[in-house]
Amino acid sequence: MKSLLDLVLYVLILGAVSISAATPDHVKTTNGAISGMGRQPSGVRIFKGIPFAQPPTGDFRWREPQPVKDWTGVRAATEFGPRCMQAPVFGDMGFRAPSMSEDCLYLNVWTPARNDKERLPVLVYFYGGGFVAGDGSEPRYDGESIATKGIVSVTVNYRLGVFGFMAHPELTKESPHHASGNYALLDQYAALLWVQKNIAAFGGDPKQVTIAGESAGSVSVSAQMASPLSKGLIAGAIGESGSILGTLSAVPLVQGEEAGVKFANNIGAHSLAELRALDTQKVFGPATQGGFASVGRFSIVVDGYFFPESPAAIFAAGRQAHVPLLVGWNSEEMTGQVLLQGKEPTPENYQAAVKAAYRDRADDVLKVYAGSSRDEILDAATALASDRFIGYSTWKWADEQLRTGGGGPVYRYYFARPRPAMKASQGNATPGLAGGVVRNSTAPAPPPARGAVHSAEIEYALGNLKTNPVYEWADDDYKVSQVMLDYFANFVKKRDPNGKGLPSWPKLSANPGNAPQVMRIDVKSVAEPDTTRARYLLQDKLMGGDN
């Protein structure tokens, strides 16, 4: 009899669990109730497509994000919101968003919290894509893996390209802040405000919010640290490859306004009213001609509001957020063939390429980025191309934060694990810049990677190797991912990456007599003395030390 009763109870419990997993998960936000996807087998609850601002359409096009209107009833949060307008400039990006629209200001939440009484640390992640592409639905940014570490994870959409950055004199005049442009950064700020007001309902702690991102997302993190609007909303920051101190840097407002006027005239719109009356495609189409190069047409600006002065001046004066920072970059952010322009890596070709790029400073560069044999030249060219692209700006951010950031800890990594070979099932596809593959391309295949390419660390850091079916992930890859995920999770939880079972990661020292210790993340992760400082001090001189 007892065994029969036990069996009945067991069946009832299984039924209850099954019902719980299938039943929508209700949470009340400040704007209304939402229903999520229920608790997953991982123990994580998922909420997708939550609006954090009104659709930036019509009169709200090129305006700072407006507060969400309240709704009645229960709003479904089981599908990603539309991704922001973007051209397919990165053929290897994968999206789970069902559509693309100007109406794109939505965020997603993954929470392991059992109820709203918990106060778990929070990670808010900004995607990369050069400020012209990307989306919070991309599988590589999925928040479920890191949420299983006891973290509430959030991905955020922000406007891109012409809709995210176009400045214009009429927009400046209309603004109550006498500013225009930077709408993408203001979207991120609005999302951080939403987190402050709502994340407790998901079991998160609004006082423990770490922001993170890769490439343009990393630039965004440095920008949010610099802005007086958002710097008080964050407790920690993670930057993966890139900062506003040299990558996608801010230009004066007047320069951004001139670019906006030129663009408007080119499409036949001679007033702000005419610009806003245009159909989305009438603006988007001309703005995206030229692919990725169009990002230079609409730069971040020193608008006097989000940035009261240049980000470089803010960091130099120590007026940025004084929060712990974890930052790093990859071993091959850019192939050396970009510098060599496809020519053979001979001493003559390398010296000629450096002289063409640096003219009267070429000898200084050749001393620091030296090489004589084929392999040495390839290594030197790769290091130089990577530093020019993104390594220097990331170093500058870490160095400035160490110097002026109020004494908070700064941790630096160097990600060196190359991706494995692509699966044979991928056919003649080639590896792409943004993390997946490029198919049906007429461009020559890139040369074999000599290290970890730009963006390669994302799936490792967020525990999402399984979301990328392109590569033959091996046990060593999962080992690297587990270590990096644990480092990131520890930093989010206590602003220190160190933890049980992990190689010790020392913080950077502000004492010039101590060689900085950088965590090399690979199959065998180990802290090593930094041997690259001379490169970045030279780059600092070449860049004028002020970007």
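Each remark here, short or long, concerns the structure printed above.
Heads up: these notes are all about the structure in this document. Here the residue numbering is sequential within each chain, running from 1 through the sequence in written order. With the structure being a predicted model, the display of local features is reserved for residues of pLDDT at least 70 and the display and counting of side-chain atom pairs for 80 or more, all residues being used for whole-chain, interface and lining totals. To obtain the side-chain values, all non-hydrogen atoms of the structure were used and water was disregarded.

### With respect to the overall build of the chain
Rules: Segments assigned H or I by DSSP are reported as helices when at least four residues long, segments assigned E as strands when at least two residues long, and all are numbered from the N terminus. Values of the radius of gyration come from C-alpha atoms, whereas the globule rule sets the reference at 2.2 Å times the count of residues to the power 0.38. The rule is simple: take the accessible area with a 1.4 Å probe, protein chains only, and divide by the maximum for that residue type; under 20% is buried, over 50% is exposed, in between is partly exposed. In this description, contact between two residues means that some pair of their heavy atoms is separated by no more than 4.5 Å. Residue burial considers only the protein chains on display, and all accessible areas are found by Shrake-Rupley using a 1.4 Å probe. Only four residue types enter the tally: Lys and Arg on the positive side, Asp and Glu on the negative side; His and the chain ends are excluded. The atom standing in for a charge is NZ when the residue is Lys, CZ when it is Arg, CG when it is Asp and CD when it is Glu.
Secondary structure assignment for the chain yields 17 helices and 17 strands. Relative to the globule expectation of 24 Å for 547 residues, the C-alpha radius of gyration of the chain, 24 Å, shows essentially globular dimensions. Each of the three principal axes of the chain carries a C-alpha extent, and together these read 90 × 60 × 50 Å. Sorting the 547 residues of the chain into buried and exposed places 55% on the buried side. Considering only contacts within the chain whose residues lie at least 6 apart along the sequence, 76% involve residues at least 24 apart. Total accessible area on the chain is roughly 22500 Å²; 54% of this is exposed by carbon and sulfur atoms. Across the chain, the 53 positively charged side chains and the 53 negatively charged ones have centroids separated by 4 Å.

### Overview of the sheet that holds strand β17 (residues 526-529)
Worth spelling out the cut-off: Note on pairing: DSSP must find at least two bridges between two strands before they are called paired. Axis definition: a line fitted to C-alpha atoms, limited for helices to the stretch in contact. Angles are taken between N-to-C directions and run from 0 to 180 degrees.
The mixed open sheet is built from 10 strands, whose spatial order is β3-β5-β7-β6-β8-β9-β12-β13-β16-β17. Two strands in the sheet have a free side with no partner beyond their single neighbour: β3 (45-51) and β17. Adjacent strand axes in the sheet meet at a mean angle of 20° when their direction is disregarded. Pairing of strand β6 (residues 120-126) with strand β7 (residues 152-156) involves five bridges; the strand directions are parallel. Residue pairing in the sheet places phenylalanine 126 in a bridge with valine 156 of β7. With respect to the sheet, helix α5 (residues 183-198) is in contact with β3, β5 (106-111), β6, β7 and β8 (204-214), its orientation differing from that of β8 by roughly 155°.

### Considering the sheet that holds strand β2 (residues 32-35)
Overall, mixed pairing links the three strands, which are arranged β1-β2-β4 in an open sheet. Each having just a single partner strand, β1 (26-29) and β4 (74-76) make up the two edges of the open sheet. Strand-to-strand, the axes of this sheet are offset by a mean angle of 35°, without reference to chain direction. Where β1 and β2 come together, four bridges link them in antiparallel fashion. Looking at β2, one finds that lysine 28 is bridged to alanine 33.

### Side note on the packing of aromatic side chains
Where we set the bar: Here a pair means two rings of Phe, Tyr or Trp (six-membered ring of Trp) with centres within 6.5 Å. Their orientation is stacked below 30 degrees between planes, edge-to-face above 60, and tilted elsewhere. A ring is scored as having a charge over it whenever the NZ atom of a lysine or the CZ atom of an arginine sits within 6 Å of its centre and within 35 degrees of its normal.
This structure, assessed with the given rule, holds 19 aromatic pairs. Between tryptophan 329 and tyrosine 536, the aromatic rings sit 5.6 Å apart at their centres with planes inclined by 80°, giving edge-to-face as the arrangement. Residue tryptophan 329 is located in strand β12 (residues 325-330), and its partner tyrosine 536 is located in helix α17 (residues 533-542); the two are separated by 207 residues in the primary sequence. With relative accessibility at 4%, the residue tryptophan 329 sits in the buried group. One cation-aromatic arrangement involves arginine 61 over tryptophan 62; the distance from NZ or CZ to the ring centre is 5.4 Å. The positively charged end of arginine 75 is found above the aromatic ring belonging to tryptophan 71, 5.4 Å away from the centroid.

### Looking at helix α16 (residues 475-494)
We apply this condition: Multiply 1.5 Å by the residue count of a helix minus one, and that product is the helix's expected span.
The first and last C-alpha atoms of α16 sit 28 Å apart over 20 residues, in line with the 28 Å expected at 1.5 Å per residue. Backbone geometry just downstream of α16 places arginine 495 in the positive-phi region, at approximately 60°.

### Quick notes on the state of the cysteines
Heads up, the rule is: Here, a disulfide means two cysteine sulfur atoms that sit within 2.5 Å of each other.
Under the criterion given, the structure shown has one disulfide. Here cysteine 84 pairs with cysteine 104 through a disulfide, and the sulfurs are 2.1 Å apart. The sign of the 90° torsion about the S-S bond sets the cysteine 84-cysteine 104 disulfide as right-handed. Highlighted residues: cysteine 84 in the loop between β4 and β5 and cysteine 104 in the loop between β4 and β5, separated in sequence by 20 residues. Looking at cysteine 84, the relative accessible area reads 1%, which means it is buried.

### Details of the side chain of arginine 140
To keep it simple, the criterion reads: Throughout this description, a polar contact denotes any pair of N or O atoms lying within 3.5 Å of each other; where both atoms belong to protein, one of them has to be capable of donating a hydrogen while the other can accept it, and for residues adjacent in sequence the pair is counted only when both atoms sit in side chains.
With respect to the element layout, arginine 140 can be found in the loop between β6 and α2 (144-147). Among the residues examined, arginine 140 registers a relative accessible area of 7% and is labelled buried. A distance of 2.9 Å separates the side chain of arginine 140 from the side chain of glutamate 138, its partner in a polar contact. One polar contact links arginine 140 to tyrosine 141, side chain to side chain, over a distance of 3.5 Å.

### Some words on the pattern of salt bridges
Selection rule: By salt bridge we mean one thing: a side-chain nitrogen of Lys or Arg within 4 Å of a carboxyl oxygen of Asp or Glu.
Here the structure, examined in full by the defined rule, presents 18 salt bridges. With a closest N to O distance of 2.9 Å, glutamate 344 and arginine 374 form a salt bridge. Linking glutamate 344 in the loop between α11 (337-340) and α12 (347-358) with arginine 374 in helix α14 (residues 374-404), this pair joins segments that are 30 residues apart in sequence. Residue glutamate 344 is classed as partly exposed on the basis of its relative accessible area of 48%. Classification of arginine 374 by relative accessible area gives partly exposed; the value is 48%. For aspartate 530, the salt bridge identified is with arginine 412, shortest N-O distance 3.2 Å. Here aspartate 530, found in the loop between β17 and α17, pairs with arginine 412, found in strand β13 (residues 410-415); they are 118 residues apart in sequence, far enough to count as distant. Arginine 412 shares its class with aspartate 530; the two are buried.

### Quick look at the nonpolar core
We apply this condition: Residues belong to one nonpolar core when they are buried, are Ala, Val, Leu, Ile, Met, Phe, Trp, Tyr or Cys, and are joined through side-chain atoms within 4.5 Å.
Formed by 119 residues in total, the largest nonpolar core has its most connected members in Trp62 and Val124. Take this core: its biggest share by element is 10 residues, from α5. Filtering out sequence-adjacent residues up to four positions away, valine 124 remains in contact with Val154, Val156, Leu192, Val195, Val209, Thr210, Ile211 and Ala212. If you look at the next biggest cluster of nonpolar residues, it comprises 17 residues, including Tyr350, Ala362, Ala380 and Leu384.

### Regarding the layout of surface pockets
Let me state the cut-off plainly: A 1.4 Å probe that fits but cannot get out identifies a cavity on a 1 Å grid over protein atoms alone, an open set with protein on both sides within 12 Å along at least five of seven lines counts as a pocket, and a residue lines either if it has an atom within 4 Å of a point. Grid points are joined across faces, edges and corners, and a volume is the space filled by probe spheres set on the points. Under the scheme applied, nonpolar residues are Ala, Val, Leu, Ile, Met, Phe, Trp, Tyr, Cys and Pro; charged residues are Asp, Glu, Lys and Arg; polar residues are all the others, including Gly.
Of the pockets and cavities examined, the second largest pocket occupies roughly 530 Å³. Taken together, 29 residues form the lining of the second largest pocket, with Glu64, Pro65, Gln66, Pro67 and Ala190 sitting closest to its centre. Of all elements in the fold, only α4 (169-174) and α5 reach the threshold of two or more residues within the lining of the second largest pocket. Among the elements that make up the lining of the second largest pocket, the one with the highest residue count is α5 (eight residues). In terms of residue class, the lining of the second largest pocket is built from 16 nonpolar, eight polar and five charged.

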